[in-house]
Amino acid sequence: MNSRRFGLSLGIDLSPKEKSCNFDCLYCELEPAKPTDRIGHPPKVSDVVHQVKKALKKFPDIEVITITANGEPTLYPHLDELIDELLRIKDGKKLLILSNASRIHEKKIQHALKKLDIVKLSLDCITPRCFKRLDRPLKTIHIETIIEGIKAFRKIHKGLLVIETLVVKGINDKEEEFEKLAKVLEEIKPDRVDIGTIDRPPAYKVKPVNYERLFALASHIKNLPVSIVSRNSDKKHYVDLDENEILQLLTHRPLTIHDINALFSSNSIHLFHQLLQKNLIKKYTIGNITFYGVK
Ligand code: SF4
């Protein structure tokens, strides 16, 4: 898998036989399934490690080893042991997990995940109503516990923390929900926020929002690098900003070149490059994504 968001990646599927997830998100790319708290037929640690070693030999250019699942990888019963083994063989590659954050409040999960270079956690909603409607978790899972868990984990994890929010039309695309999300994100202070929408056939009949809406919602999030993930972003939207306006925008809202090209008029793009040359705008990379901001 070539993930432009983290680098050339080798994916490990910890639930290869069946979907095993404690959520049943409306937007899931997998088949709808009743949420569960266990992985059916989990592979053995030794088998996973053997396959990873083989793949690393065959594809030496791999940059990231991604722990994932047909569902939720933190349900894997031997996660801590597997991570220790992967740390031994990773050979300079980065270790990443993609999790729905449902177990991040548990000490043993925090202990396992804090050893990873990159942790990407989902956070779609802040209000319990929105969370239950969109992510459809097991009844025992509560969004308040997840939020507290993410905050606690942020304090002990030395690696990169990325939070991903997926926006679904008519559900979590309301201003009030995003204002609350922005506040919580500012408290968590992740290294990067990825905001996206549905771009593959979803499990249920739900619709994506457009790029303009994603950008407008993302504007609630201040002082954090936000990357908008949208197929529609190739379409131009032309905002005409002068030098001061560009500097002001990038002070509060670092942007990717993709978003700058999608948003700015050609005159603003020209001014942006001049500011960059004058060193008034700084360029920095977070997990393979380059941002431009004023620091
Ligand atoms: S958490 Fe991921 S795998 Fe689980 S239902 Fe949601 S989108 Fe699907």
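Here is what the cut-offs are and how they apply
- Residues numbered from 1 in each chain as written.
- Predicted model: local features only at pLDDT ≥ 70, side-chain atom pairs only at ≥ 80, totals over all residues.
- Helix = DSSP H or I, 4+ residues; strand = E, 2+ residues; numbered from the N terminus.
- Rg over C-alpha atoms; globule rule 2.2 N^0.38 Å.
- Buried ≥ 20, exposed ≤ 12 C-beta atoms within 10 Å, placed from the backbone.
- Contact = placed C-beta atoms within 7 Å.
- Expected span 1.5 Å × (residues − 1).
- Arc of directions from axis to C-beta.
- Domains from an automatic or database assignment.
- Nonpolar A, V, L, I, M, F, W, Y, C, P; charged D, E, K, R; others polar.
- Pairing = 2+ DSSP bridges.
- Core = buried A, V, L, I, M, F, W, Y, C linked by C-beta atoms within 7 Å.
- Right-handed = clockwise from strand over helix to strand, strands pointing away.

**Structural notes on the overall build of the chain**
Looking only at helices and strands, one finds 10 helices and 11 strands in the chain. For 295 residues, the compact-globule estimate of 2.2 N^0.38 gives 19 Å, and the C-alpha radius of gyration of the chain, at 20 Å, lies within 12% of that figure. Considering the chain as a whole, with its 295 residues, one finds that 42% of them fall into the buried category. Long-range pairs, those at least 24 residues apart, make up 77% of the contacts in the chain between residues at least 6 apart in sequence.

**Digging into helix α10 (residues 266–277)**
The periodicity of an α-helix, 3.6 residues per turn, causes residues three or four places apart in sequence to face the same way. With 12 residues, α10 extends 17 Å between its outermost C-alpha atoms, agreeing within 8% with the 16 Å of an ideal straight helix rising 1.5 Å per residue. Looking only at α10, the buried set comprises Ser268, Leu271 and Phe272. Down the axis of α10, the buried set is contained in an arc of 105°. They therefore lie on one face. Exposed and facing more than 90 degrees away from the buried side of α10 are Ser266, Asn267, His270, His273 and Gln277. Lining the buried residues of α10 we find α8 (243–252) and α9 (257–263).

**Here we look at the domain arrangement of the chain**
Taken domain by domain, the chain consists of domain 1 (2–233) and domain 2 (236–295). The gap between the C-alpha centroids of domain 1 and domain 2 is 28 Å. Of the residues lining the interface, 20 residues belong to domain 1; the matching set on domain 2 comes to 15 residues. Put simply, the parts of the chain that give the side of domain 1 that touches domain 2 at least two residues each are β6 (160–167), α7 (211–218) and β8 (226–229). Looking at the side of domain 1 that touches domain 2 residue by residue, the classes come out as 9 nonpolar, 5 polar and 6 charged.

**As for the sheet that holds strand β10 (residues 282–286)**
Ordered by their spatial adjacency, 3 strands build an open sheet running β9-β11-β10, and the pairing between neighbours is antiparallel. Looking at the sheet topology across the chains shown, the edges are occupied by β9 (255–256) and β10. By the bridge criterion, 2 bridges tie β9 to strand β11 (residues 289–293) in an arrangement that is antiparallel. The residue bridging Thr256 from the neighbouring strand is Phe291, located in β11.

**Examining the nonpolar core**
Core analysis: the biggest nonpolar cluster contains 80 residues, and Ile65, Leu96, Leu116, Leu134, Ile195, Leu214 and Ala218 have the highest contact counts within it. Each of domain 1 (2–233) and domain 2 (236–295) gives at least three residues to this core. Once residues lying within four places of it in the same chain are set aside, the contact partners of Leu214 are Val167, Ile195, Thr197, Val209, Ile228 and Ser230.

**Re unusual backbone geometry**
It is generally the case that most residues other than glycine have a negative phi and that most peptide bonds are trans. The backbone of Asp91 shows a phi angle near 55°, a positive value even though the residue is not glycine. Note that Asp91 resides in the loop between α2 (79–89) and β4 (94–99). Among the residues examined, Asp91 registers 11 C-beta atoms within 10 Å and is labelled exposed. The phi dihedral of Asn279 falls on the positive side, at around 70°, and the residue is not glycine. Relative to the helices and strands, Asn279 resides in the loop between α10 and β10.

**A few points about the pairing of β8**
In terms of strand pairing, strand β7 (residues 192–197) meets β8 through 4 bridges, oriented parallel. Each bridged residue has a counterpart across the sheet, and for Asp194 the counterpart in β8 is Ser227. Between β7 and its parallel partner β8, the chain crosses via α7, and the hand of that crossover is right-handed.

**A short note on helix α4 (residues 128–135)**
Those residues of α4 not exposed but buried are Cys130, Phe131, Leu134 and Asp135. Projected down its long axis, α4 shows its buried positions confined to an angular sector of 100°, all on one face. Along α4, exposed side chains directed more than 90 degrees from the buried face belong to Pro128 and Arg129. Here the buried face of α4 lies against α5 (143–156) and α6 (175–188). Backbone geometry just downstream of α4 places Arg136 in the positive-phi region, at approximately 45°.

**With respect to the environment of Asp242**
Looking at where Asp242 falls in the secondary structure, it is placed in the loop between β8 and α8. Taking the C-alpha atoms as reference points, Asp242 and Ser268, 26 residues apart in sequence, are found 6.5 Å from one another.

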